[in-house]
Amino acid sequence: MMKRVINVCAAAALALAAQTPGAGAGTAWEGVLAEAKGQTVYWNAWAGDERINAYIAWVGEEMRRRHGVEVVHVKVADTAEVVTRVLAEKVAGTAEGGSVDLVWINGENFAAMRDNGLLFGPFVEGLPNFALVDVEGKPSTTVDFTIPTEGLEAPWGMAKFNFIHDSARAPEMPATMAALVDWTAARPGRFAYPAPPDFLGSTFLKQALVELTPDPGKLQQPVTGDPAFETATAPLWAYLDALHPHLWRGGQAFPASGPAQRQLLDDGEVDVTLSFYPSEAASFIANGLLPDSARVHVFASGTIGNTHFVAIPFNASAKAGAQAVANFLISPEAQARKQNIEIWGDDTVLAVERLDEPGRALFAALPRGPATLSPEELGPTLLEPHPSWMTRIEAEWLRRYSR
């Protein structure tokens, strides 16, 4: 679960960041690359999926070959642990030589790091490849869970909540979150969701909250107090109380993660798994991780979507190297490889139509597969609630349902 952190010495950290030269175009960027050569970047990133781990390893190989930068994947289970570590370094007065150079981040973890002055920057607009990002068509590339990023984190992937079902066993899926209760009642034990604070389990809760709460517009603002929280979330807890008896293992146990639930689907124990990448079903099929009958389902009214980012802590030891990695991650080559369903299947943040001909060709050549939906079929994208809602919801879920 996201750890609560306190505001301490934010101004000092921001002052330190302001004194550090950022990347710029032309000769300034050449200077960043010159400084980055020989540095080791400790990239703290979630490690729950072997395809993603393999992609990060490829990034490391390319950074070593292209720029002489070593990338060490520090594998973490919960990004909140990284936030806590950087905060502890700040409290201890470690203003330089920190243990984290780059972190895969978004949502409440970004809000916590920003609010506590734990981030270096702004640096993003100085990355040459940022000019290729589709900030107009994909506005979440500059707004993270309602909070402007202000150049403190670089986008590198798009996410949209979806359901992957085995169409051979469950050809029809519910049209709304509310209809899911009847759907599971007719198929007891065939549905599950990961236990929060796993990000897919938490997103399932947010999707239900957005659909069920009396005034979803209030979710775009911070939680104002216990009465407001209780009023807004009461339909969510009533919904889960009705849903849980029909779940896998009677709702008495929950998969530990998205990959764990995907394995349950592949093993035939459940008929549905959850995903944040619309191309992931095709990727799983291509990699032999799901049967050919796996298909993607979204609700007609839309599902939650966001962008995920990388950020640099204020006291990173290898700021130049971290900027070089962040820039490579939004290059057409790295973005096209990441979107390839045979590699990962994570959608690009780039404006593909604005790329040069070789860049567009990289995306045009990507395989699709039978489980890939068109942008029109994916439907509307619903906004993420303010991070303060998720912190409270995860804590309340654990209090009510954790075994």
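Residues numbered from 1 in each chain as written. Predicted model: local features only at pLDDT ≥ 70, side-chain atom pairs only at ≥ 80, totals over all residues. Heavy atoms only, no water.

### Some details on the overall build of the protein
Of the regular secondary structure elements, the protein holds 15 helices and 11 strands. Here the C-alpha radius of gyration of the protein, 21 Å, is about what a compact globule of 403 residues would show, namely 22 Å. Of all 403 residues assigned to the protein, the portion counted as buried reaches 57%. Across the protein, the fraction of contacts at a sequence separation of at least 24, relative to all contacts at a separation of at least 6, is 83%. Per element, the accessible surface of the protein, about 15800 Å² overall, is 55% carbon and sulfur. Distance between charge centroids for the protein: 3 Å, based on 31 positive and 47 negative side chains. (Helix = DSSP H or I, 4+ residues; strand = E, 2+ residues; numbered from the N terminus. Rg over C-alpha atoms; globule rule 2.2 N^0.38 Å. Buried < 20%, exposed > 50% of the residue type's maximum accessible area, 1.4 Å probe, protein only. Contact = heavy atoms within 4.5 Å. Areas by Shrake-Rupley, 256 points an atom, 1.4 Å probe, with all protein chains shown as cover. Lys, Arg positive; Asp, Glu negative; His and termini not counted. Charge placed at Lys NZ, Arg CZ, Asp CG, Glu CD.)

### Some remarks on the side chain of Lys338
When you line up the elements, Lys338 lands in helix H12 (residues 332-339). Excluding residues within four positions of it along the chain, Lys338 makes contact with Tyr55, Trp156, Gly157, Trp344, Gly345, Asp346 and Asp347.

### Notes on the pairing of strand S1 (residues 40-46)
Of all the seven residues making up S1, five are buried; the element is thus mostly covered by neighbouring parts of the structure. Pairing between S1 and strand S2 (residues 70-76): seven bridges, direction parallel. Opposite Ala45, over in S2, you have Lys75 as the bridge partner. For the segment spanning S1, helix H3 (residues 50-67) and S2, crossover handedness is right-handed. Two strands pair when backbone bridges link them, and S1 and strand S3 (residues 102-105) are joined in this way by two bridges, in the parallel orientation. When the sheet's bridge partners are listed, Trp43 is paired in S3 with Leu102. (Pairing = 2+ DSSP bridges. Right-handed = clockwise from strand over helix to strand, strands pointing away.)

### With respect to the domain arrangement of the protein
In terms of domain boundaries, the protein breaks down into domain 1 (2-156 + 308-364) and domain 2 (162-305 + 379-401). Each of domain 1 and domain 2 was reduced to a C-alpha centroid, and the two centroids are 28 Å apart. Domain 1 puts 22 residues into the contact, and the matching count from domain 2 is 23 residues. Summed over both partners, the interface of domain 1 with domain 2 buries about 1800 Å², with 58% contributed by carbon and sulfur atoms. When the buried area of domain 1 at its contact with domain 2 is split by residue, Arg51, Phe145 and Ile341 rank highest and sum to 31% of it. The partner of Glu280 in a salt bridge is Arg51, and the shortest N-O contact between them spans 2.7 Å. For the pair domain 1 and domain 2, the interface holds six residue pairs in polar contact (both at pLDDT 80 or more). Elements supplying a minimum of two residues to the side of domain 1 that touches domain 2: H3 and helix H5 (108-115). By residue class, the composition of the side of domain 1 that touches domain 2 is nine nonpolar, five polar and eight charged. (Domains from an automatic or database assignment. Buried area = accessible area lost by both parts, 1.4 Å probe. Salt bridge = Lys/Arg side-chain N within 4 Å of Asp/Glu carboxyl O. Polar contact = N/O pair within 3.5 Å; in protein donor to acceptor, adjacent residues only side chain to side chain. Nonpolar A, V, L, I, M, F, W, Y, C, P; charged D, E, K, R; others polar.)

### So, the sheet that holds strand S8 (residues 272-275)
The strands that make up a sheet are held in pairs by hydrogen bonds between backbone atoms, and each pair lies either parallel or antiparallel. Read from one edge to the other, the open sheet built from three strands follows the order S8-S7-S9, with strand pairing classed as antiparallel. Two strands close off the open sheet at either side, each with one partner strand: S8 and strand S9 (294-297). Strand after strand, the sheet turns through a mean of 30° between neighbouring axes, direction not considered. Bridge count for strand S7 (residues 162-166) against S9 is four bridges, and the pairing is antiparallel. (Axes fitted to C-alpha atoms, helices over the stretch in contact; angles between N-to-C directions.)

### Digging into the packing of aromatic side chains
The geometry of an aromatic ring pair is captured by the separation of the ring centres together with the interplanar angle, meaning the angle of the planes. This model, assessed by the stated rule, comprises 26 aromatic pairs. For the pair Phe163 and Phe191, a centre-to-centre distance of 6.5 Å together with 40° between the ring planes defines the contact as tilted. Of this pair, Phe163 sits in strand S7 while Phe191 sits in the loop between helix H6 (179-185) and helix H7 (199-212), placing them 28 residues apart in sequence. According to the relative accessible area criterion, Phe191 is buried, its value standing at 1%. Between the NZ or CZ atom of Lys338 and the centre of the ring of Trp344, over which it lies, the distance is 5.5 Å. (Phe/Tyr/Trp six-rings, centres within 6.5 Å; stacked < 30°, edge-to-face > 60°. Lys NZ or Arg CZ within 6 Å of the ring centre and 35° of its normal.)

### Focus on the side chain of Thr307
Topologically, Thr307 is positioned in strand S10 (residues 303-311). Since its relative accessible area comes to 1%, Thr307 is described here as buried. A distance of 2.6 Å separates polar atoms of two side chains, one belonging to Thr307 and the other to Ser140.

### A short note on the environment of Asn129
Assignment of secondary structure puts Asn129 in the loop between H5 and strand S4 (143-144). Placed 201 residues apart in sequence, Asn129 and Ile330 show a C-alpha to C-alpha distance of 6.0 Å.

### As for the environment of Ile304
Position of Ile304 among the secondary structure elements: in strand S10. Relative accessible area serves as the criterion here: at 0%, Ile304 is assigned to the buried category.

### Digging into the packing of H7 against helix H8 (residues 226-243)
One can describe the packing of H7 onto H8 by two numbers: an axis separation of 9 Å at closest approach and a directional angle of 120°. Relative to H8, the element H7 is oriented oblique. The hand of the H7/H8 crossing is right-handed. Between H7 and H8, the residues in contact are Phe204, Leu205, Ala208, Leu209 and Leu212 and Ala232, Thr233, Pro235, Leu236, Tyr239, Leu240 and Leu243, respectively. Residues of the contact of H7 with H8, tallied by class, amount to 11 nonpolar, one polar and no charged. (Parallel < 35°, antiparallel > 145°, perpendicular 65-115°, else oblique. Left-handed = near helix turned anticlockwise from the far one by under 90°.)

### Observations regarding the pattern of salt bridges
According to the stated counting rule, one finds 16 salt bridges in the structure shown. The salt bridge involving Glu333 is made with Arg66; its shortest N-O contact spans 2.3 Å. Of the two residues, Glu333 sits in helix H12 while Arg66 sits in helix H3, which places them 267 residues apart along the sequence. In this structure, the salt-bridge partner of Glu396 is Arg400, at a minimum N-O distance of 2.7 Å. Residue Glu396 and its partner Arg400 are located together in helix H15 (residues 387-401), separated by four residues, close to a single helical turn. Its relative accessible area of 35% is what places Arg400 among the partly exposed residues. Each of Glu62, Arg65, Arg66 and Glu333 takes part in one network of salt bridges that share partners.

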